[in-house]
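Inside the fold
One-letter residues, chain by chain:
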Amino acid sequence: MKISRRKLLLGVGAAGVLAGGATVVPMIRREGRFESTKSRVAAVAGTEGALPDSADAVIIGAGLQGIMTAINLAEKGLNVVICEKGVVGGEQSGRAYSQIISYKTSPAIFPLHHYGKIQWTGMNEKIGADTSYRIQGRVEVPSSEEDLEISKAWIKSAAENPGFDTPLRTRMIEGDELAKRLVNAQTPWKIGGFEEDSGSLDPEVVTPTMANYAKSIGIRIYTNCAVRGFETAGGKISDVVTEKGAIKTSRVVLTGGIWSRLFMGNLGIDVPTLNVYLSQQRITGVPGAPKGNVHLPNGIHFREQADGTYAVAPRIFTSSIVKDSFLLGPKFMHLLQGGELPLEFSIGKDLFNSFMMATSWNLNEKTPFEEFRTATNTPNNEHLDAVLERLRAEFPAFKESKVVERWGGTVAPTDDEIPIISTVEQYPGLVINTATGWGMTESPAAGRLTAELLMGETPFIDPTPYKLSRFS
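- The protein is annotated in an unreviewed UniProt entry as Sarcosine oxidase beta subunit of Providencia heimbachae ATCC 35613.
- Looking at the Sequence similarities (unreviewed entry) heading of the UniProt record, one finds this comment for the protein: "Belongs to the DadA oxidoreductase family."

Next up, the structure:
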């Protein structure tokens, strides 16, 4: 079995173990807990002054998904307002690993990724600024002979009709070509999948850069302005109610990331996602280090950033057992079927805090979004130390690298690993864009699709796989 995005969800599957009554051994207190934190991205000044009385569309959340959706709507001529509970890109949009790839993605999400790579390639020219995007190529070494055959079959299938008048530029490499990509590796790797047009974005750069571009084309972004809910008239959305007042509108997009489930739950709509923790770090570049983006089956994963530093991820995920673990655990049970990556489960303060957090409120009451302006999990230093040790053993040049910073990140996937980009039958005029585990790659496509759904236009990608109703 290959090391894939599915492993991200295996930690979440621990919730299913609890819900099913099985014993998890050991269920120990792991490093990493959810709490308020500081943003990693450069500050983007919010729009000053009072909220407007009305807008053509209101976006909830100023992460990259919200920003890209807003840009698509503004390009259609709409007057767009973004309301953000904290700061621009303060949570996962400033904390992602940010490799822009399509390799071995499922048929449901491949179009989002393939289109995303195309759009990011021309983004710097479009906005007249450096987003940090670089085409750098990515090597992924198969984890087994079985994985090698799976990889070859995927390349053959995806190459037949990738779409958008752009060919698939992925192939297997070996010999000198592979050795040049894995320079001075201590393991004699024989073959690898090479995605030559894969790219890289630095989240701490791209998110504020795109936000500033959005502002330059007339999009207003109100920070520290949490949305509490909607008002309706005639069965349709009529107003968005924030902590600073109401905005009259008939079109709303929720790009709330890990908060989408809580927000929609107050409206009586179930968004079945569970939060998963991961840890990231950035280290200095050194002479003789391999370039680009590398994924090795011995637990080494790194990506060269635009400034010459390296993002190094352990790719170990932690499921912190919380109230939703018991509510949603059975939905994730099917993911508990082995895998090469270690599963880490945590039971501690997060469980207590999850029962204390409000799950319903009136529009005149303070919400959890106003308590947690910017929040995520703390990093797991044990995981980060271990991957750095593995990296230095495999590529000795990295022994001279120094840790620049470490941080935690939280994502909220669905049990089928497919995002939710969907209208909501009970709330005409609302579209949800959430639950992506590949937000940087998917945001150009997801933003366009979301805008088309909101406007009632013919979608450029079949939206069926992303519908919220698939969970009914």
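**Points about the overall build of the protein**
- Assigned secondary structure in the protein consists of 14 helices and 24 strands.
- With respect to the principal axes defined by its C-alpha atoms, the protein has extents near 65 × 55 × 40 Å.
- Looking at the protein as a whole, 58% of its 472 residues are labelled buried.
- A sequence separation of at least 24 residues applies to 79% of the contacts in the protein between residues at least 6 apart.
- Total accessible area on the protein is roughly 18600 Å²; 50% of this is exposed by carbon and sulfur atoms.

**Observations regarding the layout of surface pockets**
- As a volume, the largest pocket reaches approximately 840 Å³.
- Leu262, Asn275, Asp324, Ser354 and Met357 are, among the 36 residues lining the largest pocket, the residues nearest its centre.
- Elements with a contribution of two residues or more to the lining of the largest pocket: strand E1 (34-36), helix H9 (260-265), strand E19 (318-320), helix H10 (323-328), helix H11 (349-356) and helix H12 (368-371).
- Of the residues assigned to the lining of the largest pocket, the class counts are 17 nonpolar, 11 polar and 8 charged.

**Description of unusual backbone geometry**
- Positive phi is not limited to glycine here, since Glu417 has a value of about 65°.
- In this structure, Glu417 sits in the loop between strand E22 (403-411) and strand E23 (420-423).
- Residue classification places Glu417 among the partly exposed residues on the basis of a relative accessible area of 23%.
- Residues other than glycine seldom take positive phi values, yet Ala435 does so here, at roughly 65°.
- By the secondary structure assignment, Ala435 is in the loop between strand E24 (430-434) and helix H14 (439-455).

**Comments concerning empty space enclosed by the protein**
- By the definition in use, this model includes 3 cavities of 30 Å³ or more.
- Glu31, Gly32, Tyr277, Leu278, Ser279, Ile316, Thr318, Asn377, Thr378, Asn380 and His383 together form the lining of the second largest cavity.
- The biggest single contributor to the lining of the second largest cavity is strand E15 (residues 276-283), with 3 residues.

**Some words on helix H13 (residues 381-394)**
- Over its 14 residues, H13 runs 20 Å from end to end, which matches the ideal 20 Å to within 8%, given 1.5 Å per residue.
- Capping of H13 at its N-terminal end is provided by Asn380; its side-chain oxygen lies 3.1 Å from the backbone amide nitrogen of Glu382.

**Some words on the sheet that holds strand E12 (residues 236-242)**
- If you walk across this open sheet you meet the 3 strands as E11-E12-E13, and the pairing is antiparallel. Edge positions in the open sheet fall to strand E11 (227-233) and strand E13 (245-248), since each of these has one partner strand only. Each strand axis lies, on average, 30° off the axis of its neighbour in the sheet, ignoring direction.
- As defined by bridge partners, E11 adjoins E12 across 6 bridges and the pair is classed as antiparallel. Within the sheet, the bridge partner assigned to Glu231 lies in E12 and is Asp239.

**Some remarks on the environment of Arg220**
- Inspection of the secondary structure puts Arg220 in strand E10 (residues 220-222).
- Separated by 137 residues in the primary sequence, Arg220 and Cys83 have C-alpha atoms spaced 8.6 Å apart.
- With sequence-adjacent residues up to four places away left out, Arg220 is seen in contact with Thr47, Pro52, Ser54, Asn79, Val80, Val81 and Ile82.
- At 2.8 Å, the side chain of Arg220 and the side chain of Asn79 are in polar contact.

**Here we look at the sheet that holds strand E5 (residues 134-135)**
- Reading across from one edge, E4-E9-E5 is the order of the 3 strands in this open sheet, with antiparallel pairing throughout. Looking at which strands have only one partner, the edges of the open sheet turn out to be strand E4 (99-100) and E5.
- The pairing of E5 with strand E9 (residues 199-200) spans 2 bridges and is classified as antiparallel. Paired with Ile135 across the strands is Gly199, a residue of E9.

**Structural notes on the pattern of salt bridges**
- Going through the model one piece at a time under the given rule, you end up with 26 salt bridges.
- For Asp147, the salt bridge goes to Lys104, with nearest N and O atoms at 2.8 Å. Of this pair, Asp147 sits in helix H6 (residues 145-160) while Lys104 sits in the loop between E4 and helix H4 (110-121); the two residues are 43 residues apart in sequence, bridging distant segments of the chain. For the pair Asp147 and Lys104, a shared accessibility class is recorded, and that class is buried.

**Considerations on the nonpolar core**
- Formed by 48 residues in total, the largest nonpolar core has its most connected members in Trp120, Met210 and Ile219.
- For this core, the secondary-structure elements that each account for two or more residues are strand E2 (57-60), helix H3 (64-74), strand E3 (80-83), H4, helix H5 (123-127), helix H8 (203-216) and H14.
- In this view, Trp120 contacts Leu64, Met68, Ile100, Thr131, Tyr133, Leu201, Val206, Met210, Met440, Thr441, Ser443 and Pro444; residues no more than four positions away in its chain are not counted.
- Counting 39 residues, the second largest nonpolar core, distinct from the first, contains Cys83, Val227, Leu430 and Phe471.

Reading guide: rules and limits
- Residues numbered from 1 in each chain as written.
- Predicted model: local features only at pLDDT ≥ 70, side-chain atom pairs only at ≥ 80, totals over all residues.
- Heavy atoms only, no water.
- UniProt positions renumbered as here; feature names shortened; annotations may be inferred.
- Helix = DSSP H or I, 4+ residues; strand = E, 2+ residues; numbered from the N terminus.
- Buried < 20%, exposed > 50% of the residue type's maximum accessible area, 1.4 Å probe, protein only.
- Contact = heavy atoms within 4.5 Å.
- Areas by Shrake-Rupley, 256 points an atom, 1.4 Å probe, with all protein chains shown as cover.
- 1 Å grid on protein atoms, 1.4 Å probe; cavity = no way out; pocket = protein on both sides within 12 Å on 5 of 7 lines; lining within 4 Å.
- Points joined across faces, edges and corners; volume = space filled by probe spheres on them.
- Nonpolar A, V, L, I, M, F, W, Y, C, P; charged D, E, K, R; others polar.
- Expected span 1.5 Å × (residues − 1).
- Polar contact = N/O pair within 3.5 Å; in protein donor to acceptor, adjacent residues only side chain to side chain.
- Pairing = 2+ DSSP bridges.
- Axes fitted to C-alpha atoms, helices over the stretch in contact; angles between N-to-C directions.
- Salt bridge = Lys/Arg side-chain N within 4 Å of Asp/Glu carboxyl O.
- Core = buried A, V, L, I, M, F, W, Y, C linked by side-chain atoms within 4.5 Å.

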